[in-house]
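The residues making up each chain are set out below.
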Amino acid sequence: MKCAHWIGARRRYCQIPGARRYVQGYRCPLHTPSALAGKPEPGAPPRPRVVEHQAVEDGPP
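We now turn to the structure provided with this report. Nothing here was measured: the structure is a model prediction, and the numbers come from that model.

Before going further, it helps to examine the side chain of S34. Tracing the chain through its elements places S34 in helix α1 (residues 33–37). Assessed through its relative accessible area of 15%, S34 is described here as buried. Beyond its immediate stretch of four places on either side in the chain, S34 contacts K39, P40, E41 and P42.

As structure tokens, this is what we get:
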């Protein structure tokens, strides 16, 4: 199946083959509900967490 996402700026449907079925219709990975909301797909492995290390200044002995 092909993606049925409407691209308004181009006045056409996406039409990328290999789309999966969603409530809204067939969607490619770029146009899934999660992708359009800017969120990871449900069930996807969590992204690695970046921990910032702060420099520790040594005080007087």
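Let's pick the thread back up.
With phi around 55°, R11 is a residue other than glycine that occupies positive phi space. Take R11: it is sitting in the loop between β1 (6–7) and β2 (12–13). Looking at R11, the relative accessible area reads 71%, which means it is exposed. Positioned with a positive phi, Q15 is a non-glycine residue whose angle comes to about 65°. Secondary-structure assignment places Q15 in the loop between β2 and β3 (20–22).

Okay, the side chain of T32 next. Within the secondary structure, T32 is located in the loop between β4 (25–27) and α1. Since its relative accessible area comes to 3%, T32 is described here as buried. Reaching out from T32, the side chain makes a polar contact with the backbone nitrogen of A35 at a distance of 3.1 Å. Engagement of the side chain of T32 in a polar contact is seen with the side chain of E41, the distance being 2.4 Å. In contact with T32, other than residues within four places in its own chain, are Y22, R27 and E41.

Looking now at the packing of aromatic side chains. Any two aromatic rings considered together are summarised by their centre-to-centre distance and by the angle between their planes. Scanning the model with the defined rule gives one aromatic pair in all. Ring geometry for W6 against Y13: centres 4.9 Å apart, planes inclined by 70°, an arrangement best described as edge-to-face. W6 sits in the partly exposed class, given a relative accessible area of 44%. When its relative accessible area of 43% is taken as the criterion, Y13 is described as partly exposed. Directly above the aromatic system of Y26 lies the positively charged group of R21, at a separation of 5.4 Å from the ring centroid.

Criteria and thresholds
- Residues numbered from 1 in each chain as written.
- Predicted model: local features only at pLDDT ≥ 70, side-chain atom pairs only at ≥ 80, totals over all residues.
- Heavy atoms only, no water.
- Helix = DSSP H or I, 4+ residues; strand = E, 2+ residues; numbered from the N terminus.
- Buried < 20%, exposed > 50% of the residue type's maximum accessible area, 1.4 Å probe, protein only.
- Contact = heavy atoms within 4.5 Å.
- Polar contact = N/O pair within 3.5 Å; in protein donor to acceptor, adjacent residues only side chain to side chain.
- Phe/Tyr/Trp six-rings, centres within 6.5 Å; stacked < 30°, edge-to-face > 60°.
- Lys NZ or Arg CZ within 6 Å of the ring centre and 35° of its normal.

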